[in-house]
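Here is what each chain is made of, one letter per residue.
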Amino acid sequence: MDISHIEHIGIAVKNLEESIRFYEDMLGMECYAVEEVEEQKVKTAFFQVGQTKIELLESTDPEGPIGKFLEKKGEGVHHMAFAVKGIEDALAQMDEKGVRLIDRKPRKGAEGLDIAFLHPKSTHGVLMELCENKNKK
Ligand code: ZN
């Protein structure tokens with residue numbers, strides 16, 4: 001698999017507005033985008049840190065993945081996303097090697113990226129996301 005960098009770190013928060021204020025006022029970062037991803041029942045806010053982004057995730061539905069995470073674990077790091085080249089091949093390789101996939105095929109995530117998740121049971125406890133930006137090549 002061809003991983004170029006950590007694309008983003010996803011952090012589950014209870015309140016997006018309050019969290020954005022913390023990152024801006026305390027950490028001096030600038031939120032450059034807020035986007036709702038209906039399919040995943042989240043509202044996201046993005047900050048750029050070098051090549052990597054911080055993606056804050058607020059749940060829009062208690063039954064959604066972030067809603068359930070917050071209920072179980074509270075606020076905190078939710079997932080880590082690697083930028084890969086050839087996400088379909090990467091998934092096929094992981095599948096072949098016996099890694100449990102949450103998504104067998106890439107789907108559309110925030111910022112128009114193709115994304116797919118690997119199950120934390122197969123990755124030593126980290127929910128991993130593979131993503132590929134096919135718009136910029
Ligand atoms: Zn993500």
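Located above this text is the structure these notes cover.
Position numbers for residues count from 1 along each chain, tracking the sequence in the order it is written. With the structure being a predicted model, the display of local features is reserved for residues of pLDDT at least 70 and the display and counting of side-chain atom pairs for 80 or more, all residues being used for whole-chain, interface and lining totals. Note that water and hydrogens are dropped before the side-chain values are worked out from all heavy atoms of the structure.

### Here we look at the coordination of the zinc ion
Here comes step 1: Taken together, His8 (NE2), Glu55 (OE), His79 (NE2) and Glu129 (OE) make up the protein donors of the zinc ion, found 2.0 to 2.6 Å from the metal.
Here comes step 2: The donor set covers N, O and S atoms within 2.8 Å of the metal, switching to 3.2 Å for Na, K and Ca, and it leaves out water, so a site may look short of donors. Here the metal geometry follows the donor angles, with tetrahedral for four donors whose angles all fall between 85 and 135 degrees, square planar for four and octahedral for six when opposite donors are more than 155 degrees apart and every other angle is between 65 and 115, and irregular for all the rest. Of note is the zinc ion, whose 4 donor atoms meet at the metal with angles of 79 to 175° in an arrangement that counts as irregular.
Here comes step 3: Here the donor residues of the zinc ion share one chain and are spaced in sequence as H-x46-E-x23-H-x49-E. Here His8, found in strand 1 (residues 2-13), pairs with Glu55, found in strand 4 (residues 52-59); they are 47 residues apart in sequence, far enough to count as distant. For the pair shown, His8 and Glu55 are each scored as buried. For helices the rule is a DSSP run of H or I covering at least 4 residues; for strands it is a run of E covering at least 2, with both sets numbered from the N terminus onward. With a 1.4 Å probe rolled over the protein chains alone, any residue whose accessible area is under 20% of its type maximum counts as buried; one over 50% counts as exposed, and the rest are partly exposed.

### Looking at the pattern of salt bridges
Here comes step 1: Whenever Lys or Arg places a side-chain nitrogen within 4 Å of a carboxyl oxygen from Asp or Glu, that contact is recorded as a salt bridge. With the rule as written, the count across this model stands at 8 salt bridges.
Here comes step 2: Residue Arg107 is joined to Asp103 by a salt bridge in which the shortest nitrogen-to-oxygen separation is 2.8 Å.
Here comes step 3: Asp103 sits in the buried class, given a relative accessible area of 10%.
Here comes step 4: Note that Asp114 is salt-bridged to Lys134, the shortest N-O span being 3.9 Å. Here Asp114 is found in strand 7 (residues 114-118), whereas its partner Lys134 is found in the segment after strand 8 (128-132), with 20 residues between them in sequence.
Here comes step 5: Residue classification places Asp114 among the buried residues on the basis of a relative accessible area of 9%.
Here comes step 6: The partly exposed category is assigned to Lys134, whose relative accessible area is 35%.
Here comes step 7: By sharing partners, the salt bridges in this structure join Glu88, Lys108, Asp114 and Lys134 into a single network.

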